[in-house]
Each structure stands twice: as C-alpha cells, then as structure tokens.
Amino acid sequence: MKSSGRTILAVLLIAGIGLAVYLPAFRASFHLDDGPSIRDNAAIRGLEPGPIFRFWPTRFATYYSLALTFRLGGLEPFPYRLGNVLIHLVNSLAVFFLLRRLTGRGSPVPAFFGSVFFLVHPVQTQAVTYVIQRATSLAAGFYLLSLLCYLKSRDGEGRAAFYLVSLLCAAGAVFSKEFAVTLPLALLLAEFTILRDRPPRRGGRAGRLLPFFLLVLAVPILFLLHRDNPYYNDPAAITRGAYLLTQSRVLISYLRLIVLPLNQQVEYLYPKITSFFQPGAIIYLSVFAALVIAAILCCRREKLRAAGYGIAFFLLALLPESSFFPIGDVMVEHRLYLPLFGAALILASLLRSLGGFRRGRVFLAAALVLALGRFAYHRNRVWETPVTLWEDNAARAPGHPRVRGNLGKAYLDRGRFERAAEEFRKMIELDPAAVGAYNNLAVIYIDHLRDYRLAERYIEASLALFPDYPAGYLNRGVIHLNNRRLRAAVRDFEKALELDPKNLLAHYNLGACYINFGDMYSREAASLRAAGREEDARSREEAARKEYRRAEEYLRRGLDYWPEDGRFHLLLARVYRSLGEEERAEEYFRRVE
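Conventions adopted
- Residues numbered from 1 in each chain as written.
- Predicted model: local features only at pLDDT ≥ 70, side-chain atom pairs only at ≥ 80, totals over all residues.
- Heavy atoms only, no water.
- Helix = DSSP H or I, 4+ residues; strand = E, 2+ residues; numbered from the N terminus.
- Buried < 20%, exposed > 50% of the residue type's maximum accessible area, 1.4 Å probe, protein only.
- Contact = heavy atoms within 4.5 Å.
- Areas by Shrake-Rupley, 256 points an atom, 1.4 Å probe, with all protein chains shown as cover.
- Lys, Arg positive; Asp, Glu negative; His and termini not counted.
- Charge placed at Lys NZ, Arg CZ, Asp CG, Glu CD.
- Core = buried A, V, L, I, M, F, W, Y, C linked by side-chain atoms within 4.5 Å.
- 1 Å grid on protein atoms, 1.4 Å probe; cavity = no way out; pocket = protein on both sides within 12 Å on 5 of 7 lines; lining within 4 Å.
- Points joined across faces, edges and corners; volume = space filled by probe spheres on them.
- Nonpolar A, V, L, I, M, F, W, Y, C, P; charged D, E, K, R; others polar.
- Phe/Tyr/Trp six-rings, centres within 6.5 Å; stacked < 30°, edge-to-face > 60°.
- Patch = residues over 30% accessible without salt bridge, like charges linked within 9 Å, V, L, I, M, F, W, Y side chains within 5 Å.
- Salt bridge = Lys/Arg side-chain N within 4 Å of Asp/Glu carboxyl O.
- Bend = angle between axes of the 7 residues up to and from the residue.
- Axes fitted to C-alpha atoms, helices over the stretch in contact; angles between N-to-C directions.
- Parallel < 35°, antiparallel > 145°, perpendicular 65-115°, else oblique.
- Left-handed = near helix turned anticlockwise from the far one by under 90°.
- Expected span 1.5 Å × (residues − 1).

K.L.:
How should I be thinking about the overall build of the chain in this particular structure?
P.N.:
A tally of regular secondary structure across the chain gives 28 helices and 0 strands. Counting only C-alpha atoms, the chain reaches 105 × 55 × 40 Å along its principal axes. Within the chain, the fraction of its 593 residues that count as buried is 52%. Of the contacts made within the chain by residues no fewer than 6 positions apart, 70% connect residues no fewer than 24 positions apart. Summing over all exposed atoms, the chain offers an accessible surface of approximately 27600 Å²; the carbon and sulfur share of this is 61%. For the chain, the distance from the average position of its 76 positive side-chain charges to the average position of its 54 negative side-chain charges is 14 Å.

Take a look at the structure:
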C-alpha cells in the first residue's frame, strides 16, 4: 500500500510538473511545416482513412490524430498543443514505469527523477511545442509503451495480453514515424542484456521477436509502393559518406546539449564533414566508438547492465536519422526525443547506485531537474510566436540564410514590411541563389509597398536563377493584372499553372482575369445597345458569357483543390450574378457568410 501511494504521488507530480513547464506552449502559434501539414492540408479535413493514408503512408497514425484534432478544434492552435503536451505527459509516465522496471523495484526516487529529466529537459521542447513534431513524440510514445509491455509480458499474469498490446503499440509506432524500425533491435538488445538471465518460458526469444521484425518491414515496403510520394523523395545535398562523417560530430553536439542545454536553435548552421582526413574527423568517430565500447563493457557487468542498455539505446535510437540516410537538416533537436530515454536510464542507474547517499542524491537530482525545468519553461516562451522564435535563432546564428528568411517571413506575416524586406535582402547577401527571398521581396513590393518597378527587378532575378519557378510567373502576372494588362497576366498565370497545376492563386487570378474580360465585353454590349446596334450588342454579350464560363472553369477547379477557401466562393457568386443565375449566386454568397 505504501509503494502504491508513492507511485500515485509520483504520477501526480510528473503531470503537475509537466503542465507547469509547458504552460507557455499553450499560447504558441503554428510554425514552419505546421502550415502545409495542418493549415493547408486537405487530407486531414475529414476522418476518411484513404486520403490520410495516401498523404503519408508511414505516418498514418500521426496524421489521423491531427485529423481528429481538426474535427475537434478546426485550425485553432490550442487543441493541437494540448494534444502534444498530453502525449508528452503520457510518454514521461511510460518512462517512469520503464525506469522502475529496469533499475529495480526499490525506492521510486531514481525512476521519478529519471522520468522528470525526460519530461523537462529543454531539448524536448521542439518535439512537443512544434505541432507537426507530434510525429516524433507519438512514435516515441508507442515505442516506449511497446518496450514496457514487452518487458511486462515476461513475468506475472497476463503475459499474452501484454505481448499483444506490445505488438499493437509497435504497429502504432511504425505508422507514426519511420524511426520506429529500430524497435525490434531495442527488444533484441533487452533480451540479451536486461533479460539475459531470464529466458522465456515458451516460444523462445526468436519466436517472440519475429513478429516485430516482420512488422517493421512495412516501412521499406511502403517506401517502394509509394516511391512517387514527394515525402519519400526529399533529396539531401550531401552524400551518404559525408552525412555519416558529419553525424559523428553532430553526436558530440547532441551530447553537449544533453549535459548543457544552452544556445538552442531551431535551425543550426552546421559544417559538413566530407572527408575522413578533415581536422577532427577521427576524434568524432572515436567518441562514437568509445560509447559503443562503454555500452558493451557495462552490459557485461550485472550492476551496470541498465546503464549499458541506456547507452546502447541512445545510440540505437539515433541511427535512423543520424547514420547512412542523408536528411537535408543534418542536426535538429527533436531527433533527441526518443534517445533521451537512454540518458534518463543512465541518470536513474546513477541515482540508484548512490543509494547510500539518499538525501544527497535527492538534493542533486532536484537541483538538476529544477534547472532544466527553468530552461525548458523559457524555451517554450521563445516558441510563442514566429517573431520571437526566429529573432532568438537569428541572434544565435546570424549568418544562417534560412534563419534570415524565416525571420523575414515572420515579420511579413505580422505586417512589418520594411523589416521583412531587410531580412530577405540579408538572406540574398548570404545566399544569392535563395530564390524564395526574391519572391518574398516581390510580394512585399507588389502588395504592400507598391513599387512595381522594384518588384519586377526581383521577379526577373528569380526567373534568371530558375526559369521554371512558378511563383515568379505568378507575381509578374499579378503586376500585369493590377495594371489591367489582362492578356499578359493570363499568359503568366497559365505558365504558373503549367509548372504547378494545383497552384491556388493561379486558379484564383485566372478566374479574376476572365471576369474582367467578361465585364469589359458586358460594358461594350451596353454601349452598343444604347447606340442602337443590337446585333453587335448580342455578339458582345455572347463573348462576355464565354469569358464568365472560363472564369467559372478555373474557379471551380481551384475550389476542388481548396474547398474551404472563401475567395473562390465569392468570385463564383460574382460570376453567376453576371450570368443572371441569381439562385446560384446567392448560394455561393451564403457559403462566404
């Protein structure tokens, strides 16, 4: 009963501490990939499994959870953040029960502080507060629950039930994010370290592990079956060998962040190592080798076995995203989310070994998690708005062109147009081939600062760099449209659609162009009728109807792609009113209200 009371108290404390540290996260807005993945993602507008699965097969569970959140709260950030924080709390509780099982059944203090370390460490904030990284936290949660249930299936009653739940959680992990392919290896590692002296009563180790290995084959199979999916074709400008060498240095940076979480950034300007003979390359690889040796040595000694498993788990969990498979961003903090369980296990094992210094270890651990919690709280405040996030990142990495671009976009969205233009110009200075910066400068000078001549200079610069850049033609078309050069506008918008068939603004602006043509012919028809030229007037009216129908065609096609965009409904209402179809016009006007 006393042990049960301590466990309940620990659970309540973990929940309370987590909510306190992540309180600023509830006020945060959407960031970066939250836009295309949530705000602009038609696949999550409904709960039909088919469109969600086709959007990203190996992350079906993640996007289905986002679809459920959309059903509950639409595009308000709060429900998404609440969901992420709750997932993180559940994961931290899973860590608590895992640590209790892995470090012994004595005092819950080591497991408690290890789980709070996992809960409040500042590197976890990116996986929790950045909404779309629910993929990371959800997959990690299923991964940890699968490991916990697998361990529980080895003793006591309900072995079969726990084994089945472990397998189901493994499936949840595999369909949340691809790094879950290492789960069977984590279970295999547990069998030959933590469980090495306790062979299974039936089935054998191979029989118990085989279903997990078969399950993770779903990831490469889905990659092959959906090889045309753009999310499986994200080229990285680095070779496999150079990526591996760079990751050996990134590993040291990750270790530094765990021990001393200072100078955190969303975007790291990280130097790439392309040769084994570059300065420091051998040292970086030696650190990795030293960790592998330490894990092996610890696992061979019974008292250090849990710590050895923690070291091995840390390295194993990093492998999918930090080894031979190049990813555009060589270093991001959310990749530490699951590996941090290994660090938490090492900490809990250390605290368990200090059992003779009960007060001292509590004081030491409490001071550690208090400091980490304070850092995490302030880090969550940085995530509150895109401006605060990117101003912080720009202060830490002033020479990173993408950071300058993201800060410029944040200023642009807040209406600070001069500051936005300044950041985009800095981005071009750092990276003259940053075509997006030219595009954003064109948008600023077209829509806000009204300097078409300067906007055209930036557009021509972008098209000189990338002749097939859809946004360049789109922006030039807007300038033509605003200056009533309708034929030239149509040519540019059609070129933009040729390059990007689902471009929302190209469909919308083509609809606007043809409405303008229709209005022009309608005015001509009225003038001809007033002059008594009825036959010519009817000819012009027929020409106007054709233009309105062409406008309808583009607008309805755009509406198929973007069914919730009210601008299409408004223009369609305008088309039908011009055609004299008042009932249809009123129907579309009502949809806008």
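Okay, back to it.
K.L.:
Hey, could you run me through the nonpolar core in this one?
P.N.:
Grouped together as the largest cluster of nonpolar side chains are 89 residues, with contacts concentrated most on Tyr143, Leu144, Phe313 and Phe341. Examining the composition of this core, we find that 10 residues originate from one element, helix 15 (residues 305-318), more than from any other. Other than its neighbours up to four places away in sequence, Phe341 contacts Val95, Leu98, Leu99, Leu102, Phe118, Leu144, Leu147 and Phe313. Val387, Leu407, Phe568 and Val575 belong to the second-largest nonpolar core, a separate cluster that totals 86 residues.

K.L.:
Sorry if this is basic, but what is going on with empty space enclosed by the protein here?
P.N.:
In this approach a probe as big as a water molecule rolls over the atoms, and the regions it shows empty are the leftover space. Summed over all chains, the structure comprises 1 cavity of 30 Å³ or more. Each pocket or cavity is described by its volume, and for the largest cavity that value is around 50 Å³. For the largest cavity, the full set of lining residues is Thr136, Lys177, Phe179, Ala317, Glu321, His334, Arg335, Tyr337, Leu338 and Pro339. Taken together, the residues that form the lining of the largest cavity break down as 5 nonpolar, 2 polar and 3 charged.

K.L.:
What am I meant to see in the layout of surface pockets here?
P.N.:
Estimated volume of the second largest pocket: approximately 570 Å³. Along its surface, the second largest pocket is lined by 22 residues, and Leu102, Thr103, Glu302, Arg305 and Ala306 are the ones closest to its centre. Contributions of two or more residues to the lining of the second largest pocket are made by helix 5 (77-103), helix 15 and helix 16 (340-353). By residue number, the principal contributor to the lining of the second largest pocket is helix 16, which donates 5 residues. Of the residues belonging to the lining of the second largest pocket, the class tally is 9 nonpolar, 4 polar and 9 charged.

K.L.:
Looking at this structure, how should I read the side chain of Gln265?
P.N.:
Note that Gln265 resides in the loop between helix 13 (240-259) and helix 14 (281-299). Setting aside anything within four residues of it in sequence, one finds Gln265 in contact with Gln126, Glu333, Arg379, Asn393, Arg396 and Ala397.

K.L.:
How should the packing of aromatic side chains be read in this particular structure?
P.N.:
Given two aromatic rings, one states the distance between the centres and the angle between the planes to describe the pair. For the coordinates displayed, the defined rule picks out 25 aromatic pairs. Each ring, one from Tyr143 and one from Phe313, has its centre 5.8 Å from the other, and the planes form 85 degrees; the classification is edge-to-face. Pair noted here: Tyr143 is in helix 8 (residues 134-152) and Phe313 is in helix 15, with a separation of 170 residues, a long-range link. Classification of Phe313 by relative accessible area gives buried; the value is 0%. An angle of 45 degrees between the planes, with centres 6.2 Å apart, marks the rings of Tyr309 and Phe313 as tilted. Of this pair, Tyr309 and Phe313 both sit in helix 15, 4 residues apart, roughly one helical turn.

K.L.:
Is there a simple way to think about a nonpolar patch on the surface in this case?
P.N.:
The grouping of Leu210, Leu214, Leu217, Ile221 and Leu225 at the surface amounts to a nonpolar patch, some 500 Å² of accessible area in total. Counting residues per element, the ones that place at least two in the nonpolar patch are helix 11 (204-216) and helix 12 (218-225). With respect to the helices and strands, the residue Leu214 is situated in helix 11.

K.L.:
Is there a simple way to explain helix 11 in this structure?
P.N.:
Working note: α-helix, 3.6 residues per turn, so residues spaced by three or four point in the same direction. At Leu210, helix 11 shows its strongest bend, of approximately 30 degrees, with the proline Pro211 following within four residues. Within helix 11, burial applies to Arg205, Arg208, Leu209, Phe212 and Val216. Check the buried side of helix 11 and you find it contacts helix 8, helix 9 (159-174), helix 10 (183-191) and helix 12.

K.L.:
How do you make sense of the packing of helix 9 against helix 11 when you look at a structure like this?
P.N.:
For any two helices packed against each other, one specifies the crossing angle of their axes together with the interaxial distance. One can describe the packing of helix 9 onto helix 11 by two numbers: an axis separation of 10 Å at closest approach and a directional angle of 20 degrees. Considering their axes alone, helix 9 and helix 11 lie roughly parallel with respect to each other. Crossing of helix 9 against helix 11: the hand is right-handed. Along the contact surface, helix 9 presents Tyr163, Ser166, Leu167, Ala170, Ala171 and Val174, while helix 11 presents Gly207, Arg208, Pro211, Phe212, Leu215 and Val216. Taken together, the residues that form the contact of helix 9 with helix 11 break down as 9 nonpolar, 2 polar and 1 charged.

K.L.:
Would you mind going over the pattern of salt bridges with me for this structure?
P.N.:
For the structure on display, the rule yields 33 salt bridges. Close ionic contact of Glu498 with Lys495 constitutes a salt bridge, the shortest N to O distance being 3.6 Å. Residue Glu498 and its partner Lys495 are both found in helix 24 (residues 486-499); the two are separated by 3 residues, about one turn of the helix. Through salt bridges that share partners, Arg404, Arg419, Glu422, Glu423 and Lys426 make up one connected network.

K.L.:
Looking at this structure, how should I read helix 8?
P.N.:
For helix 8, built from 19 residues, the straight-helix expectation of 27 Å at 1.5 Å per residue is met to within 8% by its first-to-last C-alpha distance of 26 Å. Most of helix 8 is tucked away, with 16 of its 19 residues classed as buried.

K.L.:
What is the right way to look at the packing of helix 6 (residues 109-120) against helix 16 in this model?
P.N.:
Put simply, helix 6 and helix 16 touch, their axes get as near as 8 Å, and they point 150 degrees apart. As the angle between them shows, helix 6 and helix 16 are arranged roughly antiparallel. Between helix 6 and helix 16 the crossing geometry is right-handed. Of helix 16, the residues touching helix 6 (which contributes Pro110, Phe113, Gly114, Phe117 and Phe118) are Leu340, Phe341, Ala343, Ala344, Leu347, Ala348, Leu351 and Arg352. The class makeup of the residues in the contact of helix 6 with helix 16 is 11 nonpolar, 1 polar and 1 charged.

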